Amino acid sequence: MSRVYAIVNQKGGVGKTTTAANLSAGLAKRGKKILMIDLDAQANLSAHFGCAVNDEPESVSMYDILRHNEKMENVVRDVSENLWLAPASLLLSAADLELGGVIGRESLLKRALKGYSERFDSVIIDCPPSLGLLSLNGLVAASRVILPVQSEFLSLHGVRQLLDTIDSVRSAYNPSLEVGGVLVCLFDSRRRLARSVADTVREYFGDLVFDTIVRTNVSLAEAPARGCSVLDYDPKSSGAEDYGKLADEIIRRGT
Ligand code: ADP
Ligand code: MG
């Protein structure tokens, strides 16, 4: 059975999309077949791999999956060896309003993946920076949550709210949902504040924190403009090393 990961944090700029792109690429390079799903109307993940649909009005996207029962086959695109992507579109920004009255609105993605996700080893869902209906669909479809936290501006209150949301999704819709791990992103080891935040994260979340810490690295910010992951853009960078290590850790833990 394939594992479905939702990368969730209601805060923007913490490294969700960067993690979705480069963890997926790391797993794909290790021979795993990976489907990335972009659920953010900003479509940063889609743009990262040159699959933005907003410039091509006739293209179908995750919006059509959720709104019009489109089939995953018709939306998913080839990215590179072992790597596929279901792109987002700006239309997703209206999803909360448009789908609010639909019965089963929280499990539209889960239903779309049924009978389809099995052809991949893992599915990695990049969620938007809010806890609305799109992130809820991600959490209902997932078996594991990956929770990126930014080491400089961590707000434990926001993370607690997210953990509460995960608990309610687990009891209401998805008993098999677990926290796969908390990932410290944008870590600047030269700053004392970042170091103490990393310690606080470990005190607070214990074993849930990945051993791998993602350091701040300019290649990670540059890779999207090159249309590829950091592992292809700059394989010797610390960003490539960190996301490679994260892929190894996830394979090793089997989480
Ligand atoms: P989110 O999806 O949570 O909003 P992103 O992954 O888009 O966050 O990251 C926000 C910005 O920070 C992006 O411009 C991205 O390129 C950059 N970024 C993310 N992680 C790193 C990192 N480890 N080092 C340097 N820049 C990063
Ligand atoms: Mg993002």
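This report concerns the structure included in the present document.

Rules behind the numbers
- Residues numbered from 1 in each chain as written.
- Chains lettered and ligands numbered in written order.
- Predicted model: local features only at pLDDT ≥ 70, side-chain atom pairs only at ≥ 80, totals over all residues.
- Heavy atoms only, no water.
- Helix = DSSP H or I, 4+ residues; strand = E, 2+ residues; numbered from the N terminus.
- Buried < 20%, exposed > 50% of the residue type's maximum accessible area, 1.4 Å probe, protein only.
- Contact = heavy atoms within 4.5 Å.
- Axes fitted to C-alpha atoms, helices over the stretch in contact; angles between N-to-C directions.
- Parallel < 35°, antiparallel > 145°, perpendicular 65-115°, else oblique.
- Left-handed = near helix turned anticlockwise from the far one by under 90°.
- Nonpolar A, V, L, I, M, F, W, Y, C, P; charged D, E, K, R; others polar.
- Phe/Tyr/Trp six-rings, centres within 6.5 Å; stacked < 30°, edge-to-face > 60°.
- Near = heavy atom within 4 Å.
- Polar contact = N/O pair within 3.5 Å; in protein donor to acceptor, adjacent residues only side chain to side chain.
- Areas by Shrake-Rupley, 256 points an atom, 1.4 Å probe, with all protein chains shown as cover.
- Pairing = 2+ DSSP bridges.
- Core = buried A, V, L, I, M, F, W, Y, C linked by side-chain atoms within 4.5 Å.

Quick notes on the overall build of the chain
Helices and strands together make up the secondary structure of the chain, namely 11 helices and seven strands. By principal-axis analysis of the C-alpha atoms, the chain measures approximately 50 × 40 × 30 Å. Counting across all 255 residues of the chain, residues that qualify as buried make up 53%. Sequence-distant contacts in the chain: of pairs separated by 6 or more residues, those separated by 24 or more amount to 78%.

Digging into the packing of helix 1 (residues 16-29) against helix 11 (residues 238-253)
Direction vectors running N to C along helix 1 and helix 11 enclose 65°, while the axes themselves pass 8 Å from each other. If you check the angle between helix 1 and helix 11, you find them roughly perpendicular. Once helix 1 is placed against helix 11, the crossing between them reads as right-handed. Only Tyr243, Leu246, Ala247, Ile250 and Ile251 of helix 11 make contact with helix 1, whose side of the interface consists of Thr18, Thr19, Asn22, Leu23, Gly26 and Leu27. Broken down by class, the residue content of the contact of helix 1 with helix 11 amounts to seven nonpolar, four polar and no charged.

Here's the deal with the packing of aromatic side chains
Scanning the model with the defined rule gives three aromatic pairs in all. Ring geometry for tyrosine 204 and phenylalanine 205: centres 4.7 Å apart, planes at 85°, overall edge-to-face. By relative accessible area, tyrosine 204 is classed as partly exposed at 30%.

Structural notes on the site of ligand 1
The full set close to ligand 1 counts 14 residues, and Gly13, Lys16, Thr17, Thr18 and Asn217 are the nearest of them. Within the backbone of valine 14, one N or O atom sits 3.1 Å away from an oxygen atom of ligand 1. Threonine 18 places a polar side-chain atom, nitrogen or oxygen, 2.6 Å from an oxygen atom of ligand 1. Computed on the free molecule, ligand 1 has an accessible area of 560 Å², of which 77% lies beneath the protein chains in the complex. Broken down by element, the residue count for the shell around ligand 1 peaks at three residues, all from helix 1. Residue composition of the shell around ligand 1, by class: five nonpolar, seven polar and two charged.

Things to note about unusual backbone geometry
Positive phi values are uncommon outside glycine, yet asparagine 69 reaches one of about 55°. Mapped onto the secondary structure, asparagine 69 falls in the loop between helix 3 (62-68) and strand 3 (77-80).

Here's the deal with the sheet that holds strand 7 (residues 178-185)
Strand order in the open sheet formed by seven strands is 3-4-2-5-1-6-7, and the pairing between neighbours is mixed. Taken across any chain shown, the strands that pair with only one partner, and hence form the sheet edges, are strand 3 and strand 7. Going across the sheet, the axis of each strand differs from the next one's by a mean of 25°, ignoring polarity. Judged from the five bridges that link them, strand 1 (residues 3-7) and strand 5 (residues 122-126) form a sheet pairing that is parallel. Directly across from arginine 3, in strand 5, lies its bridge partner serine 122. Running at roughly 150° to strand 1, helix 6 (residues 133-141) makes contact with strand 1, strand 5 and strand 6 (144-150) of the sheet.

Observations regarding the side chain of asparagine 174
Along the chain, asparagine 174 falls in the loop between helix 7 (156-172) and strand 7. Classification of asparagine 174 as buried rests on a relative accessible area of 2%. Filtering out sequence-adjacent residues up to four positions away, asparagine 174 remains in contact with Leu139, Val140, Ala142 and Val169.

Description of the nonpolar core
Leu35, Ile37, Met62, Leu66, Met72, Leu109 and Ile125 are the most contacted members of the largest nonpolar core, which totals 53 residues. With residues near it in sequence (within four places) discarded, leucine 109 still touches Ile37, Leu39, Met62, Leu66, Ile125, Asn137, Gly138 and Ala141.

Topic: the environment of serine 89
Here serine 89 is to be found in the loop between strand 4 (83-86) and helix 4 (95-99). Serine 89 sits 75 residues away from valine 14 along the chain, and the two C-alpha atoms are 21 Å apart.

Digging into the pairing of strand 3
With three bridges joining them, strand 3 and strand 4 adopt antiparallel strand pairing. Looking at strand 4, one finds that aspartate 78 is bridged to tryptophan 84. Hairpin connection from strand 3 to strand 4: two residues lie between these consecutive antiparallel strands, with asparagine 82 at a positive phi of about 70°.

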